[in-house]
Amino acid sequence: MKDQPTNVSRRDFLKNSSASLAALGALGFTAALPAQAAKSTPKTRLAIVGTGARGIGMWGAPVARDYADYIEIVGLCDINSKRVEVARSLIGSNISDMDGMIRTEKPKQGAARTTGANIPTFTDFDEMVRTVKPDRVIVTTVDAIHARYVVRAMELGCDVICEKPFATDEEQCQAIIEAQKKYQRNITVTFNARYGSSTARVKELLKAGEIGDLYSVDYAEFLDTDHGASYFRRWHGLKECSGTLLVHKASHHFDELNWWIDSDPVEVSANGDLRKFGRNGPFRHINCRQCVHKDKCRYYWDITRDKHLTDLYVNCESEDGYFRDGCLYRYAINIYDTMSVLVRYANKVLVTYSLNAGVPDEGQIIVFNGSKGRIEVRNFSRQPWEVAQAAEVRLMRNFEDKSTLVPVERRSGSHGGSDTLIKDHVFIPGTPDDLAQRAGMRAGIMSAIIGIAGYHSIETGRPVKIRDLVDFG
Ligand SMILES: NC(=O)c1ccc[n+]([C@@H]2O[C@H](COP(=O)([O-])OP(=O)(O)OC[C@H]3O[C@@H](n4cnc5c(N)ncnc54)[C@H](O)[C@@H]3O)[C@@H](O)[C@H]2O)c1
């Protein structure tokens, strides 16, 4: 793709995103810098585009609550004019986002707190940036819209923080590469999964050479009948919005793999099918609230029992027609619920990855095979939100009878405490980064591109070479 500025008007944004939306209908770096250091650092002016559960629950509310020494939130933007107002009312409150739901969370000790009362809201991104002149923009919209805002924010002179997945097709990846070359802005992609206690522990073991040279990784991801099934209720069920779960969800896992393996993916082969949801359902309706099958549907879900979700979505439906409790048996669903992927890396490591949605328990089994031994990770999440979680990490050496259980820190909080650790890295200058957990443009693209190659491989029945999709120059 040529290095050309993208002039994205509000109409273009609306056209592209509403095409999708209309169709829907660690390490423990939690301590803040000393107050002295915080005071001497000028506050960063931060704007947020996409003020749904993640935009407000992971970023807006906790940042104003816990990082006010470093950050001033200067603008909020969403195409849904009602949702952006609800989001403003939640700024600085004790909420956080977890798996698309809003929870309450304790503020950081000693943190200064600001509210959203004076933060201006916008439905037009360019107008927001020109009016409030942010230093950094956080992009937390529907996945397929990320790249357009990443590029536009750089064109308008801002640094960018973007939620995963960075992009949902190869053209978007290339547009970001070209824009970054041209505008030289700083890009952060927020892979909170890198901050998981077992994920970081595995990185330490691999770095320390505990299993010698790495030969292969088997990564099995399981999404349950609750959170896992919820992807099929939401915009995520449409490939044009999410790039399928191989991009939306697996970009976390492909990023972990790229980071652990410390090399670039070269070739991807995949298979995928829709076996449980969408057209496979025994009946269907538009959404749960109006459904005539609610008495017999195991997936019936009453969104109105959750006040935050009712405020953010149900009460904003008049603006965009988006149902957060959409039927997971809708014919429109065009992503896969059953997937397997093979990835070959430049350093010869071979990966076998699978993702199954709608299964009894949620989590992962990951096995690393090396020249000296093996690491096994079992990480399942069937615990109440409040219970500190810990994965089991086991180290085995060739020709030894016994395996060792590697200690893993038990943490509580959103995504096992990872969401706080990553915010420290993103917002507190000087936070140590011994494991290179901070991720930028290359990591964002290399994770998304495996899933993109994966869906191309499923569609064509052929292996896909990464170099045929993106060119870093
Ligand atoms: N890292 C994680 O663990 C994690 C967890 C959840 C979500 N996420 C990511 O965060 C992002 C948001 O997810 P969510 O669950 O909050 O979804 P959501 O549907 O609640 O929010 C998306 C918001 O984007 C807005 N939007 C859509 N098109 C737009 C446009 N053209 N311009 C401006 N706003 C637009 C929608 O109106 C909505 O408010 C997604 O990219 C998702 O992948 C990451």
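Residues numbered from 1 in each chain as written. Predicted model: local features only at pLDDT ≥ 70, side-chain atom pairs only at ≥ 80, totals over all residues. Heavy atoms only, no water.

*Asks:* What is the right way to read the site of the ligand from this model?
*Replies:* Close contacts around the ligand come from 27 residues, with D78, D143, Y149, W235 and Y313 the closest. The separation between an oxygen atom of the ligand and a polar side-chain atom of W235 is 2.7 Å. In this structure, an oxygen atom belonging to the ligand sits 3.4 Å away from a side-chain N or O atom of H248. Protein contact buries 96% of the 840 Å² of open area that the ligand shows by itself. Where the shell around the ligand is concerned, the elements lending two or more residues are helix 1 (10-24), helix 3 (53-66) and helix 6 (146-155). Tallied by class, residues from the shell around the ligand come to 11 nonpolar, 10 polar and 6 charged. (Near = heavy atom within 4 Å. Polar contact = N/O pair within 3.5 Å; in protein donor to acceptor, adjacent residues only side chain to side chain. Areas by Shrake-Rupley, 256 points an atom, 1.4 Å probe, with all protein chains shown as cover. Helix = DSSP H or I, 4+ residues; strand = E, 2+ residues; numbered from the N terminus. Nonpolar A, V, L, I, M, F, W, Y, C, P; charged D, E, K, R; others polar.)

*Asks:* Sorry if this is basic, but what is going on with the sheet that holds strand 15 (residues 392-397) here?
*Replies:* Sheets are built from strands that pair by backbone hydrogen bonding, the pairs being arranged parallel or antiparallel. If you walk across this open sheet you meet the 9 strands as 16-15-14-13-9-12-11-10-17, and the pairing is mixed. Edge strands, defined here as strands with exactly one partner in the open sheet, are strand 16 (403-406) and strand 17 (464-465). On top of the sheet, helix 8 (residues 197-207) reaches strand 9 (214-224), strand 13 (363-370), strand 14 (373-380), strand 15 and strand 16; it is set at about 175° to strand 14, its chief contact. Lying on the sheet, helix 16 (residues 441-460) is in contact with strand 10 (265-273), strand 11 (338-345) and strand 17; it crosses strand 10 at an angle near 50°. (Pairing = 2+ DSSP bridges. Contact = heavy atoms within 4.5 Å. Axes fitted to C-alpha atoms, helices over the stretch in contact; angles between N-to-C directions.)

*Asks:* I tried to follow the environment of Q290 on my own but got confused; where do I start?
*Replies:* Looking at where Q290 falls in the secondary structure, it is placed in the loop between strand 10 and helix 13 (307-312). Judged by relative accessible area, which is 39%, Q290 ranks as partly exposed. Sequence-distant contacts of Q290, defined by excluding residues within four places in its chain, comprise H285 and F323. Of note is the side chain of Q290, whose polar atom sits 3.0 Å from the side chain of N287. (Buried < 20%, exposed > 50% of the residue type's maximum accessible area, 1.4 Å probe, protein only.)

*Asks:* Explanation requested: helix 4 (residues 81-90) in the structure shown.
*Replies:* An α-helical segment advances 3.6 residues per turn. Residues three or four places apart therefore align on the same side. Buried residues of helix 4: R83, V84, V86, A87 and L90, and no others. The arc that holds the buried residues of helix 4, viewed along the axis, is 160°, so those residues lie on one side. Buried-residue contacts for helix 4 involve helix 3, strand 2 (71-77), strand 3 (95-98), strand 5 (121-122), helix 13 and helix 14 (317-320). For helix 4, the capping residue at the N-terminal end is N80, with a side-chain oxygen 3.0 Å from the backbone nitrogen of K82. Just past helix 4, the residue G92 takes up positive phi, approximately 85°. (Arc of directions from axis to C-beta.)

*Asks:* Would you take a moment to explain the packing of aromatic side chains for this structure?
*Replies:* One pair of aromatic rings is described through two measures. These are the centre distance and the angle between the planes. Across all of its chains, the model carries 13 aromatic pairs by this definition. Each ring, one from Y67 and one from F427, has its centre 5.7 Å from the other, and the planes form 55°; the classification is tilted. Of this pair, Y67 sits in the loop between helix 3 and strand 2 while F427 sits in helix 15 (residues 418-427), and the two are 360 residues apart along the sequence. In terms of burial, Y67 and F427 fall into one category: buried. Ring centres of Y299 and Y329 lie 6.2 Å apart, and the angle between their planes is 85°; this geometry places the pair in the edge-to-face category. Residue Y299 is found in the loop between strand 10 and helix 13, and its partner Y329 is found in the loop between helix 14 and strand 11; the two are separated by 30 residues along the sequence. Each member of the pair Y299 and Y329 is classed as buried. Geometry around Y313 places R324 over its ring, the cationic atom sitting 5.6 Å from the centre. Positioned above the aromatic ring of F472 is the side chain of R442, whose terminal nitrogen or guanidinium carbon lies 4.5 Å from the ring centre. (Phe/Tyr/Trp six-rings, centres within 6.5 Å; stacked < 30°, edge-to-face > 60°. Lys NZ or Arg CZ within 6 Å of the ring centre and 35° of its normal.)

*Asks:* How should I be thinking about the pairing of strand 12 (residues 350-359) in this particular structure?
*Replies:* Two faces belong to every sheet, and in a regular strand the side chains alternate between them. Buried residues dominate strand 12, accounting for 7 of its 10 residues. Where strand 9 meets strand 12, 9 bridges bridge the pair, whose relative direction is parallel. Looking at strand 12, one finds that Y219 is bridged to Y353. In the sheet, strand 11 pairs with strand 12 via 7 bridges, with the strands oriented antiparallel. Across the sheet, the residue bridging to R344 is L350, located in strand 12. The hairpin turn running from strand 11 into strand 12, its antiparallel successor, is 4 residues long, and K348 in that turn takes a positive phi close to 80°.

*Asks:* Is there a simple way to think about the pairing of strand 15 in this case?
*Replies:* In this structure, strand 14 lies alongside strand 15, joined through 6 bridges in antiparallel fashion. If you follow R374 over to strand 15, its bridge partner there is M396. Two elements, strand 15 and strand 16, share 4 bridges in a ladder whose sense is antiparallel. Across the sheet, M396 pairs through a bridge with S403, a residue of strand 16. Adjacent in sequence and paired antiparallel, strand 15 and strand 16 are bridged by 5 residues, among which F399 carries a positive phi angle near 65°.

*Asks:* I'm lost on the pattern of salt bridges in this one. Help?
*Replies:* For the coordinates displayed, the defined rule picks out 27 salt bridges. Of the charged contacts, one joins E459 and K239 as a salt bridge, the two residues approaching to 2.6 Å between their closest N and O atoms. Note that E459 is positioned in helix 16 and K239 in helix 10 (residues 239-242), a separation of 220 residues in sequence. Between R442 and D264 there is a salt bridge; the shortest N-O distance is 3.0 Å. With R442 in helix 16 and D264 in the loop between helix 12 (250-261) and strand 10, this pair connects stretches of sequence that are 178 residues apart. Its relative accessible area of 28% is what places D264 among the partly exposed residues. The network of salt bridges with shared partners includes R54, D97, E163 and D419. (Salt bridge = Lys/Arg side-chain N within 4 Å of Asp/Glu carboxyl O.)

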